[in-house]
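Each chain, letter by letter, is given below.
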Amino acid sequence: MVSHLPTHLDAEKALAVALAALGALWPRRAVTLTPLKPLTKPLRATVFRVAGGPRPAVAKVWGPGNAARAAAQAARQAEVAAAMACGPCRVPGVLGFDAARNTLIMTDPGGESLRTLGERGAAVAAQAGGWLAAFHDLSLRAHPFRPAGHLAWAADLKDAVRSGTRILPEPEDFAARIDALTPLARAARGSPACRAVTHRDMTLANLVTGGGAIWGIDFENARQDEPLRDLFTLALDLCILAPGATGRETALAALRQGYRREIATPEARLFLQQAFALGVWANTPVMPSRRQAARLEAAQWMLGFGEPVI
Ligand SMILES: Nc1ncnc2c1ncn2[C@@H]1O[C@H](COP(=O)(O)OP(=O)(O)O)[C@@H](O)[C@H]1O
Ligand SMILES: [Mg+2]
């Protein structure tokens, strides 16, 4: 059955729903809310900082059409918060989840996201890498490197580009890069590597500061995957923020140093770096937005390396 419930809420509606959820959780408190994201258009999830409650909090409210997503995020965050409750790398605890209002209420670390601090380059990169390592450590396990799934994906993509069912920028260069994955896969197949439950949206915007710690937010995925996917996402985000090659190389070195773990051989890391960068390219429309163009430029910059930078 197709759901007709709204997936997005406008600012006024989101505010009203968040206030109702907070009223149910803390009936005797008069709270005030400040948006943590610009409220210029209806959003899938609207996030407010909550003042006036028994403790600093953040409320995140989804549209009713995203009820399953909201519940999954609340459940997963509660799980990870319990495992990362102290030390320098943490996750905000869940104070309440109002399933009728699709509203998650969590503790507020009090700082700002690493995206807004991104111009501090290397320091932010090292902190991000450190948090990601602590998160992966919860589920990391040895598993020989298997590129078959990535190669099948790449072959399908190349066919789709050739037949015109998929349209993306610079299709010939793209196809040549896809072909170059095969020898890289051969060199990496079967090498010692690891799997872990990944974050799957590991951007700098999903890491926040506060109380001398780094806090991860915005959880959902609970499945084992390629942990280097998260490292790649952070690397790409750092490259988008860093203007030139020197700044980028410094940031990526700091990211690796912060992450510290050698979870795959250089051959496997190079293969994955190329595959993930091609994934960004594959998702870029021919007329990209500014953000999409910046992502593509950073991904193509990473594709130019013959050695792993993650
Ligand atoms: N506790 C917090 N402290 C500071 N900023 C936050 C906090 N929670 C969320 N934000 C800001 O709000 C943004 C959106 O929150 P997030 O939960 O990641 O929602 P979305 O699902 O839209 O990405 C974050 O990227 C971050 O910039
Ligand atoms: Mg987010």
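Everything numeric here is computed off the predicted structure, so don't read it as measured data.

1. Regarding the state of the cysteines
Disulfides are covalent bonds that link the sulfur atoms of two cysteine residues. One pass over the structure, following the stated rule, counts zero disulfides. Of all cysteine sulfurs, the one in C86 lies closest to C89, which takes part in no disulfide; the gap is 11 Å. Look at C89 and you get buried, because its relative accessible area is 15%.

2. Describing the pattern of salt bridges
A full pass over the atoms with the stated rule returns 14 salt bridges. When the shortest N-O distance is used, the salt bridge between R69 and E220 registers 3.2 Å. Of the two residues, R69 sits in helix 2 (residues 67–83) while E220 sits in the loop between strand 10 (213–216) and strand 11 (224–225), which places them 151 residues apart along the sequence. Of the residues examined, R69 reaches a relative accessible area of 33% and is grouped as partly exposed. D137 is paired through a salt bridge with R261; the nearest N and O atoms lie 2.7 Å apart. With a gap of 124 residues between them, D137 in helix 3 (residues 122–137) and R261 in the loop between helix 8 (245–259) and helix 9 (266–282) connect regions that are remote in the sequence. Judged by its relative accessible area of 38%, D137 is partly exposed. Each of R115, D237 and R291 takes part in salt bridges that share partners, so that together they form one network.

3. Considering the coordination of the magnesium ion (ligand 2)
Taken together, the protein donors to the magnesium ion (ligand 2) comprise N206 (OD1) and D218 (OD), at separations of 2.1 Å. Residue N206 is located in the loop between strand 8 (194–197) and strand 9 (207–210), and its partner D218 is located in the loop between strand 10 and strand 11; the two are separated by 12 residues in the primary sequence.

4. Let's talk about the site of ligand 1
Within the structure, ligand 1 sits among 16 residues, and K37, K60, A205, N206 and D218 are positioned closest to it. Between ligand 1 and the protein, one listed contact pairs an oxygen atom with a side-chain N or O atom of K60 at 2.8 Å. The contact in question runs from a nitrogen atom of ligand 1 to an N or O atom on the side chain of D108, over 3.2 Å. When isolated, ligand 1 has an accessible area of 540 Å², and the protein chains bury 88% of it. Contributing elements (two or more residues each) for the shell around ligand 1: strand 2 (45–51) and strand 3 (57–62). Considered class by class, the residues forming the shell around ligand 1 number seven nonpolar, three polar and six charged. Residues from two domains meet in the shell around ligand 1; each of domain 1 (11–107) and domain 2 (118–303) gives at least three.

5. Here's the deal with the packing of helix 5 (residues 171–179) against helix 9
The contact between helix 5 and helix 9 brings their axes to 11 Å, and the two run at 155°. The angle between helix 5 and helix 9 places the two elements in the roughly antiparallel class. Taken as a pair, helix 5 and helix 9 cross one another with a handedness that is left-handed. Side by side, helix 5 and helix 9 meet where D173, F174, R177 and I178 of the first sit next to Q274, L278, W281 and A282 of the second. Its residues assigned to classes, the contact of helix 5 with helix 9 shows five nonpolar, one polar and two charged.

6. Let's talk about the domain arrangement of the protein chain
Its domain assignment divides the protein chain into domain 1 (11–107) and domain 2 (118–303). Using C-alpha coordinates to define each centre, domain 1 is positioned 29 Å away from domain 2. Listed as interface residues are 15 residues of domain 1 and, on the opposing side, 16 residues of domain 2. For the pairing of domain 1 and domain 2, the buried interface totals around 1,400 Å² over both sides, and the portion due to carbon and sulfur atoms is 64%. Counting the contacts that link domain 1 with domain 2 gives two salt bridges. Counting across the interface, domain 1 meets domain 2 through 10 residue pairs in polar contact (both at pLDDT 80 or more). Going through the elements one at a time, helix 2 and strand 4 (89–90) are the ones with two or more residues in the side of domain 1 that touches domain 2. Looking at which element gives the most residues to the side of domain 1 that touches domain 2, the answer is helix 2, with seven residues.

Analysis parameters
Starting afresh in each chain, residues are numbered from 1 along the sequence in its written order. The lettering of chains begins at A and the numbering of ligands begins at 1, in the order of writing. For this predicted model, a pLDDT threshold of at least 70 governs which residues receive local features, and a threshold of 80 or more governs which side-chain atom pairs are given and counted, while totals over whole chains, interfaces and linings are taken from all residues. To obtain the side-chain values, all non-hydrogen atoms of the structure were used and water was disregarded. Throughout, disulfides are identified as pairs of cysteine sulfur atoms within 2.5 Å of each other. Here's how the labels work: a residue is buried when its accessible area is under 20% of the maximum for its type, exposed when over 50%, partly exposed in between, all with a 1.4 Å probe on protein chains only. Salt bridges, as used here, are contacts in which a Lys or Arg side-chain nitrogen is within 4 Å of a carboxyl oxygen on Asp or Glu. Numbered from the N terminus, helices here are DSSP runs of H or I no shorter than four residues, and strands are runs of E no shorter than two. Any N, O or S atom lying within 2.8 Å of the metal counts as a donor, and for Na, K and Ca the limit rises to 3.2 Å; water is left out, so some sites can look incomplete. A single heavy atom is enough: if one lies within 4 Å of a molecule or strand, its residue is considered near that molecule or strand. The term polar contact refers here to a pair of N or O atoms within 3.5 Å; inside protein, the definition further demands a hydrogen-donor-capable atom paired with an acceptor-capable atom, and it admits residues adjacent in sequence only when both atoms are side-chain atoms. Here the accessible surface of atoms and residues is derived via Shrake-Rupley with a 1.4 Å probe, and residues count as covered only by protein chains that are part of the display. Here the term charged refers only to Asp, Glu, Lys and Arg, the term nonpolar to Ala, Val, Leu, Ile, Met, Phe, Trp, Tyr, Cys and Pro, and the term polar to all other amino acids, Gly among them. Those domain boundaries reflect an automatic or database domain assignment. Lines fitted to the C-alpha atoms define the axes, with helices restricted to the stretch that makes contact. Angles between their N-to-C directions range from 0 to 180 degrees. In this scheme, roughly parallel covers angles under 35 degrees and roughly antiparallel covers those over 145, while 65 to 115 is roughly perpendicular and the rest are oblique. Helix crossings fall into two classes, left-handed where the near helix is turned counterclockwise from the far one by less than a right angle and right-handed where it is turned clockwise. Any pair of residues with heavy atoms lying within 4.5 Å of one another is described as a contacting pair. Computed with a 1.4 Å rolling probe, the buried area is the accessible surface lost when two parts are put together, summed over both parts.

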